[in-house]
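Fold and contact review
Chain by chain, the residues:
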Amino acid sequence: MTLPAGWTARRPTLDDVPAILTVVHAADTFAVGYPDFDAEDVTAALTAPFFDPARDSWLVTDPDGAVVGWALLDNPTGVGREWVEIYVDPERGAALRAPLLARQLDRVAERAAERGLPALTVRTGVFAPETRWAAELTEAGFTRLKRYVRMTRPLADLPAEPPLPPGLTVRALRPGDEADLRAFHRIYDAAFRDTPDYEPLGFDLWRQRLGQSGTTWDEWFVAEVDGVPAGALQSSDQALDQNTGWVKTLSVLPEHRRRGVGAALLRRAFAVYAGKGRSAAGLGVDLANPTAPVTLYRSVGLREVRWTDMYERIVPAAGVR
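Residues numbered from 1 in each chain as written. Predicted model: local features only at pLDDT ≥ 70, side-chain atom pairs only at ≥ 80, totals over all residues. Heavy atoms only, no water.

The protein chain carries the name GNAT family N-acetyltransferase in an unreviewed UniProt entry, which gives Micromonospora mangrovi as its organism.

Okay, structure coming up:
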């Protein structure tokens, strides 16, 4: 990678977290209009399982030592697809994305060989303002795979939850009850098995990953039909900096879909978010998911506000032609 005079590419350490956060905030503000990362997110990325910052990440600094680019790979399960993230200062580092991508693709090829695989699929995202990045990905052999949509709704003057259908109840998850956690995971796993990109995660690893970050358990819910678990909703703190409650996953077992279970879970989550003073609620939708209930989301007041495109490329293992 050819850099301007005085600029340096090196591997990151935890000492770089504040400087990395500065460039990530600049990149996020350009892409989505606001910072979407915090220091804990950077630290978690640098200490994630199946990630070695000395091999899977690069920093680019200018002559004053300011970080102008950060590239990393992410694969939280150690199996399946790789995810590449490249953050650059939108004013001074835009030209760094393509060469950093080339380095990361070389590393993906190495990781494929290390895992004994003939190739690995790598993905990355593109937001609406990132037209240059989309063109660079196409030039590097990526194709646009699908689109995600972010939906939100205000919580001011939220209407009261309507009566539930007969036999349907919604309650908070009991996090201290392993059987309840296992039931929650079982619903999540069964509900997403029929989606094209789902990568199964066993209960033990799923539970371990939950323990790696703060969990607001009173924002997790289980729906039961005649006393039998039928749906589950997982919240996330990822939008708290925007005072927004965030639905990370909504899972309804196939045999209980289109019976009011999903709407009841969403309305309960919205009520809890509002009770905590949140100004809005939101979630993300994979438009390629055949079960994505966009109509359901609109029926509870959610509206589309932003899209993100997913790009993908297959990278042969190092030494494979």
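**Structural notes on the sheet that holds strand β11 (residues 280-286)**
A sheet is described by the order of its strands in space; here 12 strands give the open sequence β1-β2-β3-β4-β5-β12-β6-β11-β10-β9-β8-β7, paired in mixed fashion. In the strand order of this sheet, the two ends are held by β1 (8-10) and β7 (168-172), each with one partner. Mean inter-strand twist for the sheet, computed between neighbouring axes without regard to direction, equals 25 degrees. The pairing of strand β10 (residues 244-252) with β11 spans 4 bridges and is classified as parallel. When the sheet's bridge partners are listed, Trp-246 is paired in β11 with Gly-282. Along the sheet, helix α5 (residues 131-139) contacts β4 (82-88), β5 (119-127) and β12 (303-316); its crossing angle with β5, the most-contacted strand, is approximately 160 degrees. (Pairing = 2+ DSSP bridges. Helix = DSSP H or I, 4+ residues; strand = E, 2+ residues; numbered from the N terminus. Axes fitted to C-alpha atoms, helices over the stretch in contact; angles between N-to-C directions. Contact = heavy atoms within 4.5 Å.)

**Regarding the UniProt feature "domain: N-acetyltransferase" (unreviewed entry) in the protein chain**
Mapped onto this numbering, the UniProt entry gives "domain: N-acetyltransferase" (unreviewed entry) at residues 7-165 and 168-321. Taken end to end, residues 7-165 is 35% helix and 28% strand, and its first and last C-alpha atoms sit 63 Å apart. (UniProt positions renumbered as here; feature names shortened; annotations may be inferred.)

**Overview of the layout of surface pockets**
Volume-wise, the second largest pocket comes out at about 190 Å³. Lining the second largest pocket are Ala-27, Phe-30, Val-88, Pro-90, Ala-94, Arg-97, Pro-129, Glu-130, Thr-131, Arg-132, Trp-133 and Glu-136. Among the secondary structure elements, those contributing two or more residues to the lining of the second largest pocket are α1 (17-32) and α5. A total of 4 residues in the lining of the second largest pocket trace back to one element, the largest contributor, which is α5. Partitioned by chemical class, the residues of the lining of the second largest pocket number 7 nonpolar, 1 polar and 4 charged. (1 Å grid on protein atoms, 1.4 Å probe; cavity = no way out; pocket = protein on both sides within 12 Å on 5 of 7 lines; lining within 4 Å. Points joined across faces, edges and corners; volume = space filled by probe spheres on them. Nonpolar A, V, L, I, M, F, W, Y, C, P; charged D, E, K, R; others polar.)

**Thoughts on unusual backbone geometry**
Backbone geometry follows two general trends: most residues other than glycine have a negative phi, and most peptide bonds adopt the trans configuration. The phi torsion at Phe-50 lies on the positive side, around 60 degrees, for a residue other than glycine. By the element assignment, Phe-50 lies in the loop between α2 (39-46) and α3 (53-56).

**Looking at the pairing of strand β9 (residues 228-236)**
Of all 9 residues in β9, 7 are buried; the element is thus mostly enclosed. The sheet contact formed by strand β8 (residues 221-225) and β9 spans 5 bridges and is antiparallel. Each residue of the ladder has a partner; that of Glu-224, found in β9, is Pro-229. Where β8 hands over to β9, the hairpin turn is made up of 2 residues, of which Asp-226 adopts a positive phi near 55 degrees. Across 6 bridges, β9 lies against β10 in antiparallel orientation. Directly across from Ser-236, in β10, lies its bridge partner Trp-246. (Buried < 20%, exposed > 50% of the residue type's maximum accessible area, 1.4 Å probe, protein only.)

**A word on the pairing of strand β6 (residues 143-154)**
A regular strand places its side chains on the two faces of the sheet in alternate fashion. Sheet topology places β6 next to β12; 9 bridges connect them, and they run antiparallel. Bridge assignment links Arg-144 to a residue of β12, and that residue is Tyr-311. Relative to β11, β6 is paired through 7 bridges, and the arrangement is antiparallel. Each bridged residue has a counterpart across the sheet, and for Arg-150 the counterpart in β11 is Gly-284.

**Describing the pattern of salt bridges**
With the rule as written, the count across this model stands at 27 salt bridges. For the salt bridge of Arg-174 with Asp-180, the shortest nitrogen-to-oxygen distance reads 3.8 Å. Among the residues examined, Arg-174 registers a relative accessible area of 41% and is labelled partly exposed. Judged by its relative accessible area of 5%, Asp-180 is buried. Among the salt bridges present, the one from Asp-204 reaches Arg-182, with a minimum N-O distance of 4.0 Å. On the criterion of sequence distance, the pair formed by Asp-204 in helix α7 (residues 203-210) and Arg-182 in helix α6 (residues 178-192) is long-range, its members being 22 residues apart. What you see here is one network of salt bridges that share partners, running through Arg-55, Asp-56, Glu-82, Arg-107, Glu-110, Arg-111, Glu-114 and Arg-115. (Salt bridge = Lys/Arg side-chain N within 4 Å of Asp/Glu carboxyl O.)

**Section: the nonpolar core**
Within the largest apolar cluster, 29 residues are counted, with the highest numbers of intra-cluster contacts made by Leu-233, Leu-265, Leu-266, Phe-270, Tyr-273, Leu-283 and Tyr-297. Secondary-structure elements contributing two or more residues to this core are β6, β7, β8, β9, β10, α8 (261-275), β11 and α9 (294-299). Among the elements that make up this core, the one with the highest residue count is α8 (9 residues). Excluding anything up to four places from it in sequence, Phe-270 contacts Arg-153, Leu-155, Leu-158, Ala-281, Val-300 and Leu-302. In terms of nonpolar packing, the next biggest core, distinct from the first, is built from 26 residues, Trp-58, Leu-101, Leu-105 and Tyr-311 among them. (Core = buried A, V, L, I, M, F, W, Y, C linked by side-chain atoms within 4.5 Å.)

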